[in-house]
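For reference, the chains in residue letters:
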Amino acid sequence: NAGVMQNPRHLVRRRGQEARLRCSPMKGHSHVYWYRQLPEEGLKFMVYLQKENIIDESGMPKERFSAEFPKEGPSILRIQQVVRGDSAAYFCASSPPAGGLDNEQFFGPGTRLTVL
Amino acid sequence: GENVGLHLPTLSVQEGDNSIINCAYSNSASDYFIWYKQESGKGPQFIIDIRSNMDKRQGQRVTVLLNKTVKHLSLQIAATQPGDSAVYFCAERPGNFNKFYFGSGTKLNVKP
């Protein structure tokens, strides 16, 4: 019973390049969340998605960042024209389709993005 | 509900002692709270949760206390073990959507 999977685990990009981070939720989970973590800090919410829908993107920067969760395949967090300040660990979490109930979020191992 | 970027406070305890990790949350409308454990290089791992209609919940070796009056949450770990060494985060859910705001974390260092 595989947990939340993220790839790549480590990603190095030069300034101006694009970064694509992938997240496969746990089997049976249809809700996906993306968080960003800077060193020595807590996780900051970025976006909450269900299949083919963005539910809440209040934590996403207005420019360069986008997320999707297509009907088939993993959720993708895309960062265009990366800058050094984008260097962080990006975590994905998933939860089952139980709406507004108390849903534990299961986290993946994260993708550590380094921008040179 | 945003966490603040601070250097992590550290709690050092002797193996076998009890540990208490505290967390102040920000939103009085938060109705659900989770404590997570994060080991170096890994994602957060669920420890225990509590709803706002409770003030105490016990798990195996862990207890969470919730004081809504002062918006305070604590995690008690009994008989702390070296494997408990990690960073511990509290997370609050303010509202209907399943979105969590994380605290800035406490590093627990267990000395053998």
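Residues numbered from 1 in each chain as written. Chains lettered and ligands numbered in written order. Predicted model: local features only at pLDDT ≥ 70, side-chain atom pairs only at ≥ 80, totals over all residues. Heavy atoms only, no water.

Engineer: Can you lay out the sheet that holds strand β3 (residues 19-24) of chain A for me, pointing to particular residues and giving the numbers?
Structural biologist: Residues and elements named next belong to chain A. Ordered by their spatial adjacency, four strands build an open sheet running β1-β3-β8-β7, and the pairing between neighbours is antiparallel. Where the open sheet ends on each side, the last strands, each with one partner, are β1 (5-7) and β7 (65-68). Each strand axis lies, on average, 15 degrees off the axis of its neighbour in the sheet, ignoring direction. Here β1 pairs with β3 via three bridges, running antiparallel. Among the inter-strand pairings, Gln6 is bridged to a residue of β3, identified as Cys23. (Pairing = 2+ DSSP bridges. Helix = DSSP H or I, 4+ residues; strand = E, 2+ residues; numbered from the N terminus. Axes fitted to C-alpha atoms, helices over the stretch in contact; angles between N-to-C directions.)

Engineer: I'd love a proper account of the nonpolar core, names of residues and values included.
Structural biologist: Among soluble globular proteins, nonpolar side chains are generally buried collectively. By size, the foremost hydrophobic cluster in this structure holds 23 residues, and its most contacted members are Trp34, Met46, Leu77 and Tyr90 of chain A. Secondary-structure elements contributing two or more residues to this core are β3, β4 (31-37), β5 (43-50), β7, β8 (75-79), β9 (88-95) and β11 (111-115) of chain A. Contact partners of Leu77 of chain A, with chain neighbours within four places excluded, come to Ala19, Arg20, Leu21, Trp34, Met46, Met60, Ser66, Ala67 and Tyr90 of chain A. Counting 19 residues, the second-largest nonpolar core is a separate cluster that includes Trp35, Ile48, Ala86 and Leu108 of chain B. (Core = buried A, V, L, I, M, F, W, Y, C linked by side-chain atoms within 4.5 Å. Buried < 20%, exposed > 50% of the residue type's maximum accessible area, 1.4 Å probe, protein only. Contact = heavy atoms within 4.5 Å.)

Engineer: Residues and numbers for the pairing of strand β7 (residues 72-77) of chain B, please.
Structural biologist: Residues and elements named next belong to chain B. The pairing of strand β2 (residues 19-24) with β7 spans six bridges and is antiparallel. Counterpart to Cys23 in the pairing with β7 is Leu73. Direction of pairing for strand β6 (residues 62-67) relative to β7: antiparallel, over a ladder of six bridges. In the strand pairing of β7, Thr63 is matched with Gln76. The hairpin turn running from β6 into β7, its antiparallel successor, is four residues long, and Lys71 in that turn takes a positive phi close to 55 degrees.

Engineer: Which residues make up unusual backbone geometry, and what values go with them?
Structural biologist: Cis geometry is found at the peptide bond from Asn7 of chain A to Pro8 of chain A, where omega equals 0 degrees. Checked against the element boundaries, Pro8 of chain A lands in the loop between β1 and β2 (10-13). The phi torsion at Gln81 of chain A lies on the positive side, around 45 degrees, for a residue other than glycine. Considering the arrangement of structural elements, one finds Gln81 of chain A in the loop between β8 and β9. Positive phi values are uncommon outside glycine, yet Ala79 of chain B reaches one of about 50 degrees. Relative to the elements of secondary structure, Ala79 of chain B occurs in the loop between β7 and β8 (86-94).

Functional significance is not addressed by these values, which are geometric in nature.
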